[in-house]
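Below, each chain spelled out in residue letters.
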Amino acid sequence: MKITAVEKAKGNRYTVFVDGAYWYILDLEIILKNHLEPGREVDEEQLEELRQQAERRTARERAYYLLGYRDHSCKELYDKLQKSARPEIAAEIVALMQEQGLLDDEKYARKLAAYYLESKKWGSRRVFQELYRRGIDRELIQEALEACAVDPRPQILAIIERKYAAALEDGWKGRQRTAAALVRMGYSYDDINAALAAYGEEE
């Protein structure tokens, strides 16, 4: 087989033709690195290696873009990359991002846990579920929750005073609705009941 043409496509990308037929689009960096030019003989193994180089470069650039937009867990990044790259290439790029210090599940877990606990006022159960959904290891989640621990009962009291004081005036039904809402926020029944009792005493 022979490269018969290398034609500029868009930006730094070039269309490569093999034996007169379209084969692939490659970046200029790959064209120059591999000395690709019309008339060069190539075989299937070389073409496959070039294809992998192109996929690897595209996946790497996408990873930089995604991580520049927001932090990701390793699994989140892998899942996004493997939609357009082979699993082995996605895994390779995830490892590269870890080596470069751009991907760290431990730091990510602590950052998210602090945000959800302190800013969103979620209970630890919901925070655990959200971090687990993002692909973070259970042990790392537990460590993050312990490092960012907040006392849930004063937090529940503040939520009640801000959002559910009127509902509690509706007696038992209001108490049930309030408790159900707090459970959905990730608080335990024990903490909810204690906070409701404390709120009743304050009232």
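Residues numbered from 1 in each chain as written. Predicted model: local features only at pLDDT ≥ 70, side-chain atom pairs only at ≥ 80, totals over all residues. Heavy atoms only, no water.

Caption draft 1: Region of interest: the overall build of the protein. Counting secondary structure elements, the protein contains ten helices and three strands. When the helices and strands of the protein are listed from N to C terminus, the series reads β-β-β-α-α-α-α-α-α-α-α-α-α. Since a compact globule built from 203 residues should have a radius of gyration of about 17 Å, the 27 Å found for the protein marks it as more spread out than a globular shape. Seen along its three principal axes, the alpha-carbon backbone of the protein occupies a region of about 90 × 30 × 25 Å. Every one of the 203 residues in the protein was classed for burial, and the buried ones make up 40%. Counted over contacts in the protein with a minimum sequence separation of 6, partners at least 24 positions apart contribute 54%. (Helix = DSSP H or I, 4+ residues; strand = E, 2+ residues; numbered from the N terminus. Rg over C-alpha atoms; globule rule 2.2 N^0.38 Å. Buried < 20%, exposed > 50% of the residue type's maximum accessible area, 1.4 Å probe, protein only. Contact = heavy atoms within 4.5 Å.)

Caption draft 2: Structural detail: the sheet that holds strand E3 (residues 21-27). In space, the three strands of this open sheet follow the order E1-E2-E3, with antiparallel pairing throughout. Edge strands, defined here as strands with exactly one partner in the open sheet, are strand E1 (3-8) and E3. Each strand of the sheet is rotated relative to its neighbour by a mean of 25°, with strand direction disregarded. In this sheet, E3 lies alongside strand E2 (residues 13-18) in antiparallel orientation, the contact comprising six bridges. The partner of Phe17 across the bridge, within E3, is Tyr22. In the packing of helix H2 (residues 44-69) onto the sheet, contacts are made with E2 and E3, and the angle to E3 comes to roughly 40°. (Pairing = 2+ DSSP bridges. Axes fitted to C-alpha atoms, helices over the stretch in contact; angles between N-to-C directions.)

Caption draft 3: Layout of the nonpolar core. Ranked by internal contacts, the top residues of the largest apolar core, which has 16 residues, are Ala113, Tyr116, Val127, Leu131, Ile136, Ile141 and Leu145. Going through the elements one at a time, helix H5 (105-119), helix H6 (124-133) and helix H7 (138-147) are the ones with two or more residues in this core. A total of seven residues in this core trace back to one element, the largest contributor, which is H5. Once residues lying within four places of it in the same chain are set aside, the contact partners of Val127 are Ala113, Tyr116, Leu117, Trp122 and Leu145. Of all hydrophobic cores here, the second largest spans 15 residues; its members include Ile156, Leu157, Ile159 and Leu168. (Core = buried A, V, L, I, M, F, W, Y, C linked by side-chain atoms within 4.5 Å.)

Caption draft 4: The arrangement of H2 in detail. The end-to-end C-alpha distance of H2 is 38 Å, a good match for the 38 Å that 26 residues give at a rise of 1.5 Å each. The set of residues buried in H2 consists of Leu47, Leu50, Gln53, Ala54, Glu55, Arg57, Ala59, Ala63, Leu66 and Leu67. On its buried face, H2 sits against E2, E3, helix H1 (28-33), helix H3 (74-81) and helix H4 (87-99). For H2, the side-chain oxygen to backbone nitrogen distance between the N-cap and Glu45 is 3.2 Å, and the N-cap itself is Asp43. (Expected span 1.5 Å × (residues − 1). Polar contact = N/O pair within 3.5 Å; in protein donor to acceptor, adjacent residues only side chain to side chain.)

Caption draft 5: Quick look at the environment of Glu161. With respect to the element layout, Glu161 can be found in helix H8 (residues 152-168). Here Glu161 falls in the partly exposed class, since its relative accessible area comes to 45%.

Caption draft 6: Structural view of the packing of aromatic side chains. Counting across every chain of the model gives four aromatic pairs. The interplanar angle of 85° and the centroid separation of 6.4 Å between the aromatic rings of Phe17 and Tyr22 together place this pair among those described as edge-to-face. Centroid distance Tyr116 to Trp122: 4.3 Å. Interplanar angle 0°. Geometry classified as stacked. Just as Tyr116 is buried, Trp122 falls in that class too. An aromatic cluster is present here, built from Tyr115, Tyr116 and Trp122 joined pairwise through their rings. Above the face of the Trp122 ring, Arg126 is positioned so that its terminal group lies 3.8 Å from the ring centre. The ring centre of Tyr132 lies 4.5 Å from the NZ or CZ of Arg138, which sits over that ring. (Phe/Tyr/Trp six-rings, centres within 6.5 Å; stacked < 30°, edge-to-face > 60°. Lys NZ or Arg CZ within 6 Å of the ring centre and 35° of its normal.)

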